[in-house]
Amino acid sequence: MSPSYSKLYTLTLDNTSANNTMCGTIEEQHVLRQLPPWPASENQLPCLEHVCNLGNVDVMDHITKIKAIETTSAIWDYSPGDEANHVLGGRIDVIATICTLSIKLQSSGQRIQYFESLQIECGIAKPLKLILHNNTRWGSAFNMLERASLLRAFTQINYMGP
């Protein structure tokens, strides 16, 4: 006789769609094979990285003006110096500024080449690209900010003035 419970406790996959599909299939197979019940709604465990990323995106929406640069035209119109784009007591929104700078620098081969040549002139032996933030890529905000921090001295000298 089979046990009154399933040996499969929970299921976690990398996205909601895959989680829903697999959990539904496992639940159906348990019913079809007359196995102990395995309710998908109770045994589906969301991916922790995905949940953390969603939380990060939500927090960024509240403390930055990142929503202001979601469209192509908004990215090109965004100006860090415009007081309407400032946050937290009139300070420049660093995250939205880095996002727009990353997009603008990577928008053409000429800009990429120029950015790389400026880095070489500043003594960076192997030029780095600014990483783009993407709400659906886990850790992309962190990676973008970390890379920007590495290039901070370079960007301050070349884009903000000495």
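Our subject in this report is the structure included herewith. All figures in this text were calculated on a predicted structure; none of them were measured in a lab.

**Quick look at helix H7 (residues 140-150)**
Every buried residue of H7 is listed here: Ser140, Ala141, Met144 and Ala148. Along H7, the residues classed as buried sweep out an arc of 105° about the axis, all on the same side. Turned more than 90 degrees away from the buried face of H7 sit Phe142 and Leu150, all of them exposed.

**Considering the packing of helix H5 (residues 94-105) against H7**
Two numbers describe a pair of packed helices, the interaxial angle and the distance between the axes. Two elements in contact, H5 and H7, have axes whose closest approach is 11 Å; the angle formed by their N-to-C orientations is 85°. As far as their axial angle goes, H7 and H5 are roughly perpendicular. Counting all contacts with H5, which are made through Ile95, Ile98, Cys99 and Ser102, the residues of H7 involved are Met144, Leu145 and Ala148. Partitioned by chemical class, the residues of the contact of H5 with H7 number six nonpolar, one polar and no charged.

**Some remarks on the nonpolar core**
The biggest cluster of nonpolar side chains holds 11 residues, and these are Met60, Ile95, Ile98, Cys99, Leu105, Phe115, Leu130, Ala141, Met144, Ala148 and Leu151. A per-element tally of this core places H5 first, with four residues. Judged by nonpolar contacts, the second largest core, of five residues, contains Leu11, Cys23, Trp38 and Ala40.

**Quick word on the side chain of Ser102**
Of note, Ser102 is situated in helix H5. A polar atom in the side chain of Ser102 sits 2.8 Å from the backbone oxygen of Ile98. Ignoring anything within four residues of it in the chain, the contact list for Ser102 reads Leu130, Ile131, Leu132 and Met144.

Cut-off values and rules
- Every chain begins its residue count from 1, and numbering advances along the sequence as written.
- In keeping with the model being predicted, local features are shown solely for residues with a pLDDT of at least 70 and side-chain atom pairs are shown and tallied solely at 80 or more, while totals for entire chains, interfaces and linings include all residues.
- In computing side-chain values, all of the structure's heavy atoms are included and hydrogens and water are not.
- The classification of residues rests on relative accessible area computed with a 1.4 Å probe and restricted to protein chains. Under 20% of the type maximum is buried, over 50% is exposed, and intermediate values are partly exposed.
- The helix and strand labels rest on DSSP assignments: H or I over at least four residues marks a helix, E over at least two residues marks a strand, and numbering proceeds from the N terminus.
- Relevant arc is that of directions from the helix axis to the C-beta atoms, nothing else.
- To get an axis, fit a line to the C-alpha atoms, keeping to the stretch in contact for a helix; angles then go from 0 to 180 degrees between the N-to-C directions.
- Note on angle classes: values under 35 degrees are labelled roughly parallel, values over 145 roughly antiparallel, values of 65 to 115 roughly perpendicular, and the remainder oblique.
- Contact definition: two residues touch when any of their heavy atoms are within 4.5 Å.
- The nonpolar class holds Ala, Val, Leu, Ile, Met, Phe, Trp, Tyr, Cys and Pro. Asp, Glu, Lys and Arg form the charged class, and all remaining residues, Gly among them, are polar.
- To define a nonpolar core, start from buried Ala, Val, Leu, Ile, Met, Phe, Trp, Tyr and Cys residues and group those joined through side-chain atoms within 4.5 Å.
- A 3.5 Å cut-off defines polar contacts: any pair of N or O atoms within that distance qualifies, except that in protein one atom must be a possible hydrogen donor and the other a possible acceptor, and neighbouring residues in sequence count only when both atoms are side-chain atoms.

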